[in-house]
Each structure stands twice: as C-alpha cells, then as structure tokens.
Amino acid sequence: MKTTSRSFSRAALASAFLATSLGVSLVLATSAAGAASTLGAAAAQTGRYFGTAVSAGKLGDSTYVNILNREFNMVTAENEMKWDATEPNRGQFSYGRGDQILNQAVSNGKRVRGHALLWHQQEPGWAQRMEGSDLRQAMMNHVTQVATHYKGKIYAWDVVNEAFADGGSGGRRDSNLQRTGNDWIEAAFRAARAADPAAKLCYNDYNTDGINAKSTGIYNMIRDFKARGVPIDCVGIQSHLTNSAPGDYQANLQRFADLGVEVQITELDIAGANQANAYAAVTRACLAVARCAGITVWGIRDTDSWRTGENPLLFDGNGNKKAAYNSVLDALNAATPSTTTTPTTPTTPTTPTTPTTPTTPTTPNPGGCTASVSLNSWNGGFVATVKVTAGGTALSGWRVTTGLPGGAAVTNAWSATNSGTTGSVTWSNVSYNGNVAAGQSTEFGFQGTGSAQGMSATCAAS
Ligand code: G2I
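The present account deals with the structure reproduced in this document. Model, not experiment: these values are computed from the prediction.

Calculation rules
- Residues numbered from 1 in each chain as written.
- Predicted model: local features only at pLDDT ≥ 70, side-chain atom pairs only at ≥ 80, totals over all residues.
- Heavy atoms only, no water.
- Phe/Tyr/Trp six-rings, centres within 6.5 Å; stacked < 30°, edge-to-face > 60°.
- Buried < 20%, exposed > 50% of the residue type's maximum accessible area, 1.4 Å probe, protein only.
- Helix = DSSP H or I, 4+ residues; strand = E, 2+ residues; numbered from the N terminus.
- Lys NZ or Arg CZ within 6 Å of the ring centre and 35° of its normal.
- Pairing = 2+ DSSP bridges.
- Contact = heavy atoms within 4.5 Å.
- Core = buried A, V, L, I, M, F, W, Y, C linked by side-chain atoms within 4.5 Å.
- Expected span 1.5 Å × (residues − 1).
- Disulfide = S-S within 2.5 Å.
- Salt bridge = Lys/Arg side-chain N within 4 Å of Asp/Glu carboxyl O.
- Lys, Arg positive; Asp, Glu negative; His and termini not counted.
- Near = heavy atom within 4 Å.
- Polar contact = N/O pair within 3.5 Å; in protein donor to acceptor, adjacent residues only side chain to side chain.
- Areas by Shrake-Rupley, 256 points an atom, 1.4 Å probe, with all protein chains shown as cover.
- Nonpolar A, V, L, I, M, F, W, Y, C, P; charged D, E, K, R; others polar.

### Examining the packing of aromatic side chains
The description of an aromatic ring pair uses the distance of the two centres, along with the angle that the planes make with each other.
Then, in step 1: One pass over the structure, following the stated rule, counts 14 aromatic pairs.
Then, in step 2: Taken together, a centroid distance of 6.0 Å and an interplanar angle of 10 degrees make the contact between Phe-93 and Tyr-95 stacked.
Then, in step 3: Classification of Phe-93 as partly exposed rests on a relative accessible area of 26%.
Then, in step 4: Between the aromatic rings of Tyr-95 and Tyr-150, the centroid separation amounts to 5.7 Å while the plane-to-plane angle is 85 degrees, which identifies the pairing as edge-to-face. Taken together, the residues span a long stretch of sequence, with Tyr-95 in the loop between α4 (83–86) and α5 (96–107) and Tyr-150 in the loop between α7 (132–149) and β4 (156–161) at a distance of 55 residues. One exposure class covers both Tyr-95 and Tyr-150, and it is buried.
Then, in step 5: The structure contains a cluster of three or more aromatic residues connected by ring pairs, namely Phe-93, Tyr-95, Tyr-150 and Trp-157.
Then, in step 6: For Arg-111, the ring lying beneath its charged end belongs to Tyr-155, and the centroid distance is 4.8 Å.
Then, in step 7: The residue whose ring lies beneath Lys-214 is Tyr-206, and the NZ or CZ to ring-centre distance is 3.6 Å.

### Notes on the pairing of strand β12 (residues 398–403)
Then, in step 1: In β12, alternate side chains face the same way, and those of Trp-398, Val-400 and Thr-402 are buried while those of Arg-399, Thr-401 and Gly-403 on the opposite face are not.
Then, in step 2: One ladder, built from six bridges, connects β12 with strand β17 (residues 456–461); its direction is antiparallel. The residue bridging Val-400 from the neighbouring strand is Cys-459, located in β17.
Then, in step 3: Across five bridges, the pairing between β12 and strand β15 (residues 424–428) is antiparallel. Within β15, the residue paired with Thr-402 across the bridge is Val-425.

### Description of the side chain of Ser-55
Then, in step 1: Relative to the assigned elements, Ser-55 resides in the loop between β1 (49–54) and α3 (62–71).
Then, in step 2: With relative accessibility at 15%, the residue Ser-55 sits in the buried group.
Then, in step 3: Beyond its immediate sequence surroundings of up to four residues, Ser-55 is in contact with Tyr-64, Glu-78, Glu-80 and Ile-101.

### Comments concerning the nonpolar core
Then, in step 1: If you look at the biggest cluster of nonpolar residues, it comprises 93 residues, and the most contacted ones within it are Phe-50, Trp-157, Phe-189 and Leu-314.
Then, in step 2: Setting aside anything within four residues of it in sequence, one finds Phe-189 in contact with Val-159, Val-160, Leu-201, Cys-202, Tyr-203, Phe-225, Val-230, Pro-231 and Ile-232.

### Quick look at helix α11 (residues 275–288)
Then, in step 1: In this model α11 runs 20 Å from its N-terminal to its C-terminal C-alpha over 14 residues, within 8% of the 20 Å that 1.5 Å per residue would give.
Then, in step 2: Buried-residue contacts for α11 involve β7 (240–242), α10 (249–257), β8 (262–271), β9 (292–297) and α12 (323–335).

### Notes on the state of the cysteines
Then, in step 1: Inspection of the entire model under this criterion finds three disulfides.
Then, in step 2: Cys-286 shares a disulfide with Cys-292; S-S distance 2.1 Å. The S-S bond linking Cys-286 to Cys-292 shows a torsion near -100 degrees; that makes this disulfide left-handed. Neither Cys-286 nor Cys-292 differs from the other in exposure class; each is buried.
Then, in step 3: Between the sulfur atoms of Cys-369 and its disulfide mate Cys-459 the distance is 2.1 Å. The sign of the -95 degrees torsion about the S-S bond sets the Cys-369-Cys-459 disulfide as left-handed. One end of the pair, Cys-369, is in strand β10 (residues 369–378); the other, Cys-459, is in strand β17, with 90 residues separating them in the sequence.
Then, in step 4: Residue class for Cys-369 comes out buried when judged on its relative accessible area of 5%.
Then, in step 5: The buried category is assigned to Cys-459, whose relative accessible area is 14%.
Then, in step 6: The connectivity of the disulfides in the protein chain is 1-2, 3-4, 5-6, where the numbers refer to bonded cysteines in sequence order.

### A word on the pattern of salt bridges
Then, in step 1: In total, this model carries 20 salt bridges according to the counting rule given.
Then, in step 2: The salt bridge involving Asp-304 is made with Lys-58; its shortest N-O contact spans 3.3 Å. Taken as a pair, Asp-304 in the loop between β9 and α12 and Lys-58 in the loop between β1 and α3 lie far apart in primary sequence, 246 residues in all.
Then, in step 3: Look at Asp-304 and you get buried, because its relative accessible area is 6%.

### Some words on the side chain of Glu-78
Then, in step 1: Position of Glu-78 relative to the elements: it lies in the loop between β2 (74–77) and α4.
Then, in step 2: An unpaired buried charge is present at Glu-78: no salt bridge exists, and Lys-58, the closest side chain of opposite charge, is 5.1 Å distant.
Then, in step 3: What Glu-78 contacts, discounting residues up to four positions off in sequence, is Ala-53, Val-54, Ser-55, His-115, Trp-298, Asp-304 and Trp-306.

### What about the site of the ligand?
Then, in step 1: Taken together, 14 residues lie around the ligand, and Glu-78, Lys-82, His-115, Glu-162 and Glu-267 are the ones closest in.
Then, in step 2: In this structure, Gln-122 approaches the ligand through a side-chain N or O atom, which is 3.4 Å from an oxygen atom.
Then, in step 3: In the environment of the ligand, an oxygen atom lies 2.9 Å from a nitrogen or oxygen atom belonging to the side chain of Trp-298.
Then, in step 4: Across the complex, the protein chains shield 58% of the 620 Å² of accessible surface that the ligand would expose by itself.
Then, in step 5: Here the shell around the ligand is composed, by residue class, of three nonpolar, seven polar and four charged.

Next comes the structure, spelled out in structure tokens:
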C-alpha cells in the first residue's frame, strides 16, 4: 500500500507541477486503501479520525509529543478548555493553556474537539457559589465567550457534559446548572451555535455505552431537540469501560445515528484483562455505523490516564505500543476501504484513477495560488485533502472552488468554510490559515458521499 500510495503521490506531484506552470492546478490522486501504520492514517482511510486527550503540561515531554504527532489526527484538551480553566474569575478569561493545545494540534495538522463548555464539575469556585438567573446569565456568557474565542477552529464542541443522572430515572442530574431551569441545555446549544456556526455541537456523557435508562433519556432529549430545531449535531459516547463494551454498544450508537446526529466516541479507555479484544470491538462498532465520525482515547500512555493503576490506554508508561494498540490498528485496517455499511453483495474495490491534467487552463496568475486535491475514495464516499500553495506573493486569504461531480455531496469539512455542498463549492480560509508565505502551502479537507473522481479545484487570492 505504501508503495502504491507513494507512486500515486509522485504522479500527482508531476501533474501538479505541470498544472502549476499553467496557472491552475487540478490534480487527483486516489490512494488505494491498504494497511496504514498509524491510528490516524488508518482511521482516515475510512473517513474517520482517531484522537486523544492531551494535557498541556505534557507538551514538553518528547516521548509523549512524538506519539501524539505520529498517531493522532484529533485532539481534545483534557482539562484546559473547561470552565475553571478558561474563566477562573467571573468575566476574566484565560485561554493560555487551551490555546497551547490548540496551536500544537493545528500546527501539526490535527483537528480539535472542544471540551467542555458547561459541566457541573470543574466549575470555577465563583460559579459553584451561584444559582438562579444570575448563574444562567454567567453560563450563557461563558458559552458565548469561549466559543467565540475558538470560533472557526473547533471541529466539535462538547457544549454540555454529563447532565443526566446515573441509575434508572433517565432524567437530569441535579446541579446548580440544572436548577437554573430545564431549558439550560438548549439555551447553551443556541448560544454556542450563534457564537461559532462552523463547530459541530455535541452532548457528551458516560455510562451511555449501551441501551439503558440514562442513554435513553439522552436519546429522547436529542430526538426532541431535532424535532424542535434546537441546534445539535453530535452525541459523545465517552466509553470509559472495563473488560468489554455492552453487547448492544453498536446498536446504541446506531440508534443515535438514526436520529440524524453524528456519533463520536469521545473518551475511550478500557481496563481489564480483555482489553485488547474490547478495544477492537469498540473500533469495529464505530466502523459499522456510518455516522460514527471517530474515536478519541482519553490519554496516550497508561501513566497519562486519570484511571491511575488501571492501565486502560494503548501505550504503556514507556510509550510502547500495547496489544490493545495493535488490535485497534488491525480493526481499522481491516475496515478499509469500505466498511460503513455491510454490503449485501460483493462490491468491486475502488480502482485508483489516473491523475488527470488540466484541459482548460485559465489565465496564469503568478501572484495567486494553486490548489491540488488528493482523494481517498471508497464505495459511496471520499475524503479530499486540498493543498493550497501561494504563488510568488504571500497570501493574506484564499478561496478555492471545487467542482464536484453530480451525486457527490460534502458532509463534513475542516480548516476551511464552504458555501454549498454540491456542484461548484467555494471554500474560504479560516482565521488561522489565511496567511500563507510565498511558495508555502496550507491544507484543508472535507469528507463527502458519492464519488468525487474527476473533481476540479482552482484557487484565488482573496
Ligand atoms: O473523569 C474522567 C473524565 C470524565 N468525563 C469528562 C472528562 O473531562 C473527565 O476528565 C477528567 C480528567 O481526565 C482529569 O484530569 O476530569 C477530571 C476532573 O473531573 C480531571 O481531573 C482533574 C483533577 O481532579 C484535578 O485535581 C486536577 O487539578 O485534573 C486536574 C488537572 O490535572
């Protein structure tokens, strides 16, 4: 697979060179899916991400950072974007450690999940002492301020975390947040959407791994939100497990997906002797659910875990890969190129297309930019990575127009904002990747359904 993909990259490069010299770039490279050697790359072949929780205090630890950069393409701040960290005093915001994690991730090509805007734990002391309408106002201000600070940079926010009670009630947990009125969750989602329309908005919780009273309570809330137009895009199933996932784990993911929300496994860690098998089962369950967008493990090495002494992660304390790591990687690789649905008839593997050269060059624009596309396709879907390269002058903003073939539609994008999802789609830089020095490049990407073979891409400075 490596060889195949490299040879396609070379072909793509040659084509890019030709296209660049004509002032417009239109390059297609399709990787034939095969065994990838890292979690992130293997997940990406299925159109998914593989992430980890990151702690800012460990970003100076080279073993930690090496694994982070090698294996993961999604990052969640383990504590640094929580309320106590970001607003230690009322109205005084502190983003230093959250920004550190975000910048490390983005500069290494990773996306970021925001965690968490409102949670009854890790409230700053001043908020813990509040109630009622004063607290409600502080909560909404917090959501607005933090989501605005990170606007355009977050793939998905855990807008509300752990608001449902454990046990059989299926109802809300008591907290000062809940006591401000039952509508606090939808108010938070509306405030988050207004502040950052590009971020997916998730409800995140634990002990929701199987079909039980708690997960059903959440399911009913999301169904109600969808029916009433409350903005919600995803559900986070934390998945702090021991020995195994419940037998109905996949069925539970599927029922949430069937509500029309993305499903994300947000804090996976598994203790116990059956760890490797259980990790593989969770991975396969996500792969079997088309709307399961990705998996995040809650830390890198066992010694990084909040579950001290339980060794629930994929790397040991020395940073060595454990059996559980291999079982996850194998499960991801076994799934490619097409696993989101179980085909009833054998499918023909996707054949890589020959990179095409531009047929209708547009006017050369030496001060502008070029865009080249590399496509990873499977039956019924694709991930496109678009490289934007500045010409002879630095860019302070760019716009790429992609021409999608009929039947193809964008479902999800990162590091750019789009207008439209089918046909001619225009992509604009986000705040952190508009400036590109002369001759340098930046990347954005998107996922879609249908086939993108033959897609064109043109770039203009803006
Ligand atoms: O509790 C496990 C997770 C459950 N779901 C939500 C997650 O946000 C939560 O993460 C954990 C972190 O992994 C811990 O690192 O949340 C804990 C707080 O409830 C975090 O622990 C805290 C300690 O309680 C603090 O004493 C410490 O100052 O971590 C802080 C930073 O190291």
